[in-house]
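Next come the chains, spelled out residue by residue.
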Amino acid sequence: MSQIVTEPASLAPAAMRPVTLPSLGAMLLLALMWGLSIPVTKLGLATMPPLTLTALRFAFALPLMLLLLIGRKPLPLKALPAVASLGVLGIGIGQVTQTFGVAGTSASVGTILSATIPLFIVFFAAIRLGQPVSRLQLTGVSAAFAGIVVVALENAGGSGSAATTMLGPIWMLVSALAVAFYYVWSVELSHRHGTVVVATWSTFFGFLALAPWAGLEAYRTPFEMTEQALGAAAYLGLIVTAAGLFLWLRILREVPAPVAASIQYLQPVFGITASALMFGDRIGLQFMTGVALILAGVALAMRTGRRRA
């Protein structure tokens with residue numbers, strides 16, 4: 001999962017600045033880092049069970065994220081229940097179901113399904129933040145789900161990184177729902193307590209909730225701690241989660257938030273390309289048609305929100 005969070009205090013000055021070449025390069029780098037997360041997860045799952053891989057990912061990420069708290073105001077005790085629940089939702093449900101989903105889909109299909117998160121953000125934002133949903137956004141949602149069906153059929157039962165099972169896409173969509181609600185809820189909490197504080201402590205509590213189940217899985221499930229699995233967990237924890245947060249906050253200080261958020265449209269492109277190179281996933285006409293439908297749907301669904309922002 002990509003760490004898309006917003007830092008409200010940094011948006012006003014950034015909104016007045018043009019996008020520079022270094023800023024553009026930073027956005028492309030972040031899109032690459034996050035876009036590779038699904039194929040890299042697939043590599044880790046080759047020898048490590050899902051809960052164990054997810055727990056190891058955040059074990060790598062947490063020490064660096066805790067460094068971000070130095071010099072910041074502590075989280076108030078009254079906010080602990082909400083932030084802890086946010087972590088359980090984002091990691092205990094969102095990240096765990098994503099890992100199970102990746103295990104049941106090809107890397108290409110998993111990458112595309114993870115791109116539906118912005119669609120659900122539109123609806124949750126309408127419910128929680130009072131933002132209206134337009135007909136254009138509804139059209140975008142319909143187009144994106146049509147694309148999901150087309151993409152899933154392209155790699156179903158095929159070769160490559162894995163056959164797409166019946167449960168695989170379902171797990172991915174459950175993950176997208178949980179992660180989308182996590183993002184919307186985190187915006188509410190971040191306005192009160194700060195983005196870095198909320199992101200770090202929610203990750204901490206999510207990891208605490210996940211650790212016992214991961215330990216039980218590791219005890220009951222034979223697996224091999226290979227260099228490939230460790231490398232995948234380290235990449236997901238250090239690069240996707242921790243370094244991604246550092247880079248994202250830097251981008252938000254230099255680039256208007258709507259422009260910065262557009263990087264998520266490039267993530268499937270990098271992910272699909274990596275899946276084809278790493279696993280031999282098919283990228284035929286049907287697949288590309290589905291990708292086009294999904295990306296067009298996401299763009300339509302987010303268009304009104306970007307204009308208002």
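Since the structure is predicted, the reported quantities are computational estimates derived from the model, not experimental observations.

1. Here's the deal with the packing of aromatic side chains
Stage number 1. Summed over the entire model, instances satisfying the criterion amount to seven aromatic pairs.
Stage number 2. A centroid spacing of 5.4 Å and a plane angle of 85 degrees characterise the contact between W201 and F204, whose relative ring orientation is edge-to-face. Of this pair, W201 and F204 both sit in helix α10 (residues 195-220), three residues apart, which is roughly one turn of the helix.
Stage number 3. Classification of F204 by relative accessible area gives partly exposed; the value is 26%.

2. Structural notes on a nonpolar patch on the surface
Stage number 1. A cluster of nonpolar side chains, contributed by I93, F100, M166, L167, I170, W171 and V174, occupies part of the molecular surface with about 650 Å² of accessible area.
Stage number 2. Breaking the nonpolar patch down by element, the ones donating at least two residues are α5 (80-103) and α9 (167-193).
Stage number 3. Topologically, F100 is positioned in helix α5.

3. Considerations on the packing of helix α6 (residues 107-114) against helix α13 (residues 267-279)
Stage number 1. Here α6 crosses α13 at 170 degrees, and the two axes come no closer than 8 Å. The orientation of α6 with respect to α13, classified from their angle, is roughly antiparallel. Taking contact as the criterion, the partners of A107, S108, T111 and I112 in α6 are, on α13, Q267, P268, G271, I272, S275 and F279.

4. So, the side chain of T99
Stage number 1. For T99, the position within the fold is in helix α5.
Stage number 2. The class for T99 is buried, based on a relative accessible area of 5%.
Stage number 3. In terms of polar contacts, T99 uses its side chain to reach the side chain of T54, at 2.9 Å.
Stage number 4. When near neighbours in sequence (up to four residues on either side) are disregarded, T99 contacts T41, L45, P50 and T54.

The rules behind the values
- Residues numbered from 1 in each chain as written.
- Predicted model: local features only at pLDDT ≥ 70, side-chain atom pairs only at ≥ 80, totals over all residues.
- Heavy atoms only, no water.
- Phe/Tyr/Trp six-rings, centres within 6.5 Å; stacked < 30°, edge-to-face > 60°.
- Helix = DSSP H or I, 4+ residues; strand = E, 2+ residues; numbered from the N terminus.
- Buried < 20%, exposed > 50% of the residue type's maximum accessible area, 1.4 Å probe, protein only.
- Patch = residues over 30% accessible without salt bridge, like charges linked within 9 Å, V, L, I, M, F, W, Y side chains within 5 Å.
- Areas by Shrake-Rupley, 256 points an atom, 1.4 Å probe, with all protein chains shown as cover.
- Salt bridge = Lys/Arg side-chain N within 4 Å of Asp/Glu carboxyl O.
- Axes fitted to C-alpha atoms, helices over the stretch in contact; angles between N-to-C directions.
- Parallel < 35°, antiparallel > 145°, perpendicular 65-115°, else oblique.
- Contact = heavy atoms within 4.5 Å.
- Polar contact = N/O pair within 3.5 Å; in protein donor to acceptor, adjacent residues only side chain to side chain.

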